[in-house]
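The primary structure of each chain is shown beneath.
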Amino acid sequence: RLAVQRLATRGFALAGDPLARLATAPWRYDPYPIYAGLRAHGVHRSRFGFHTVATYDLCSRILRDRTFGVRTRDGLEPPPATQSPLPMATAVIPTFLEQDPPDHTRLRALARPAFSPRKIENYREVVRKTTSRLLDDAMAKGTFDLIADFAAPLPIAVISDLLGIPDVDTERFARYGRVLGASLDGTTTLRQARALRAATVDLQALFRSLIAVRRATPGDDVISALVHSLDAGELTELELVTTCELLLIAGFETTANLIGNGMWTFAQHPEQWELLRADPSMALGAVEEVLRYESPIQLTQRITHADSVIGDVEIPADRMVIVALGSTGRDPGAYSDPDTFDISRTPERDHLGFSSGIHYCLGAPLARMEAEIALSALAERLPAVRVLRRPRWRSTTVIRGLRSLPMRS
Ligand code: HEM
């Protein structure tokens, strides 16, 4: 099956499918011309049986339309790799991100209280302290890797604290984040499949032992609340474990890449860095602008639950539609001067970096706060964003982020 997937992906690339080209150089470095081509199609129909939408209006409409789900109508996972150049959502664990109502509604409601803006506000001090500690250590080195030394460990430390996970092995969690993040593109090699399996087995063991500890001594944390719901029969033990995994992993790569993509963008726009340095309170606006301009999540997918008409294209039920979130921020139909990075802009509409509709990112308040504190702390300490060499982008297509960003303090 893996070999078939790999061949299928290569075949799509050879056939010039725009989505498969996204995974190849030079498009991995600059996917935006491909997105512009997709937007011009309205609905792009691949001859391999799936559709792609890339304009702001169509993406926003599909994400909010309840006749589109994340599984087929009989509850199966999305069609396999052979129907898509990006065999997305082949994650081993079906979390509530990969569930339709009513299961999605039930599980999301159980996790939601832990991520209310009020609860998240309590974490501001933890985020500030962690940011300071990591930046002190990184900058003491003189040259440092913004990703490995700062952007990756920050969200790991924060969410581990929020979930009450003791003795966190940051390196190990960062590796799991990368493995699970890359799996969103589909698992195309045996090595990836093994790494994914090992990460899943390890995380399940970690959460099963934490659940036992919280049952014996409940606290004021998310896991204790979910154990209470388990005992009340509101979810199964497997659902509890997969929910914990989702909460742990969903913010690792995404938040790290938001900070990394942001700093690389600032390196290319020094006048914008000057603006932020002059007024660090612009950090929140800067975070929104990075989410519009270089979003960490570029693609998601939906499945038609009924025969549908999008634009003037008829799509039968149970077909996959790829929603190019990363394209929407650059849509001239939605934003003026969309290719200009401007942290002082007043955007015409909300970006779709956190998606929209019932799967809108649950961790958005936390991600915003972490990135705001990170960017303002960096702006206070760094007179200029001095990048040592041109960074390489990760080879993933769903997740957009840098492998490393070597910098001088
Ligand atoms: C869902 C982006 C940080 C938890 C999503 C989705 C996107 C997204 C695009 C929806 C995907 C879809 O509609 O198919 C991001 C970005 C982040 C970020 C760009 C950082 C910059 C976080 C954090 C957490 C988190 C910090 C929590 C700790 C979740 C959860 C869902 C989700 C639980 C599933 C929501 C649902 O299915 O109802 N995120 N996310 N995210 N995110 Fe985030």
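Here's what I pulled together on the structure shown here. Every value quoted in this text rests on a predicted model; they were computed, and no experiment measured them.

### Quick notes on empty space enclosed by the protein
Move 1: Applying the stated criterion across every chain yields a total of four cavities of 30 Å³ or more.
Move 2: Space inside the second largest cavity adds up to approximately 90 Å³.
Move 3: Lining the second largest cavity we find 13 residues, and of these Leu 22, Arg 28, Thr 396, Thr 397 and Arg 400 sit closest to its centre.

### A word on the coordination of the iron atom of the ligand
Move 1: Exactly one donor from the protein chain reaches the iron atom of the ligand: Cys 361 (SG), at 2.3 Å.
Move 2: Positionally, Cys 361 belongs in the loop between helix H17 (325-328) and helix H18 (364-381).

### Quick word on the site of the ligand
Move 1: In the vicinity of the ligand lie 26 residues, with His 104, Thr 300, Ser 355, His 359 and Cys 361 positioned nearest.
Move 2: Between Ser 355 and the ligand, the recorded distance is 2.6 Å, taken from a side-chain N or O atom to an oxygen atom.
Move 3: When residues of the shell around the ligand are assigned to their parent elements, the largest contribution, three residues, is made by helix H14 (residues 252-268).
Move 4: Grouping the amino acids of the shell around the ligand by side-chain chemistry returns 15 nonpolar, nine polar and two charged.

### As for helix H9 (residues 153-163)
Move 1: Burial analysis of H9 places nine of its 11 residues in the buried class, the great majority of the element.
Move 2: Burial in H9 covers these residues: Pro 153, Leu 154, Pro 155, Ile 156, Val 158, Ile 159, Ser 160, Leu 162 and Leu 163.
Move 3: Looking one or two residues beyond H9, the residue adopting positive phi is Gly 164, at roughly 70 degrees.

### So, helix H7 (residues 124-140)
Move 1: Taking 1.5 Å as the rise per residue, H7 with 17 residues should run 24 Å; its terminal C-alpha atoms sit 24 Å apart, in good agreement.
Move 2: For H7, the set of buried residues is Arg 124, Val 127, Thr 130, Thr 131, Leu 134, Leu 135, Ala 138 and Met 139. Each buried residue of H7 lies within a common arc of 145 degrees when the element is viewed along its axis, so the set occupies one face. The outward face of H7, more than 90 degrees from its buried face, is lined by the exposed residues Lys 129 and Ala 140.
Move 3: Packed against the buried residues of H7 are helix H6 (117-121), strand S4 (143-145), helix H8 (146-151), H9 and H18.
Move 4: The positive-phi residue at the C-terminal boundary of H7 is Gly 142, with phi of around 85 degrees.

### So, the layout of surface pockets
Move 1: A volume near 250 Å³ is recorded for the second largest pocket.
Move 2: Lining the second largest pocket are 14 residues, and of these Ala 114, Lys 119, Asp 220, Asp 221 and Val 222 sit closest to its centre.
Move 3: For the lining of the second largest pocket, the secondary-structure elements that each account for two or more residues are helix H5 (103-111) and helix H12 (222-231).
Move 4: It is H12 that provides the largest number of residues to the lining of the second largest pocket, a total of four residues.

About the thresholds
- Residues numbered from 1 in each chain as written.
- Predicted model: local features only at pLDDT ≥ 70, side-chain atom pairs only at ≥ 80, totals over all residues.
- Heavy atoms only, no water.
- 1 Å grid on protein atoms, 1.4 Å probe; cavity = no way out; pocket = protein on both sides within 12 Å on 5 of 7 lines; lining within 4 Å.
- Points joined across faces, edges and corners; volume = space filled by probe spheres on them.
- Donors = N, O, S within 2.8 Å, 3.2 Å for Na, K, Ca; no water.
- Helix = DSSP H or I, 4+ residues; strand = E, 2+ residues; numbered from the N terminus.
- Near = heavy atom within 4 Å.
- Polar contact = N/O pair within 3.5 Å; in protein donor to acceptor, adjacent residues only side chain to side chain.
- Nonpolar A, V, L, I, M, F, W, Y, C, P; charged D, E, K, R; others polar.
- Buried < 20%, exposed > 50% of the residue type's maximum accessible area, 1.4 Å probe, protein only.
- Expected span 1.5 Å × (residues − 1).
- Arc of directions from axis to C-beta.
- Contact = heavy atoms within 4.5 Å.

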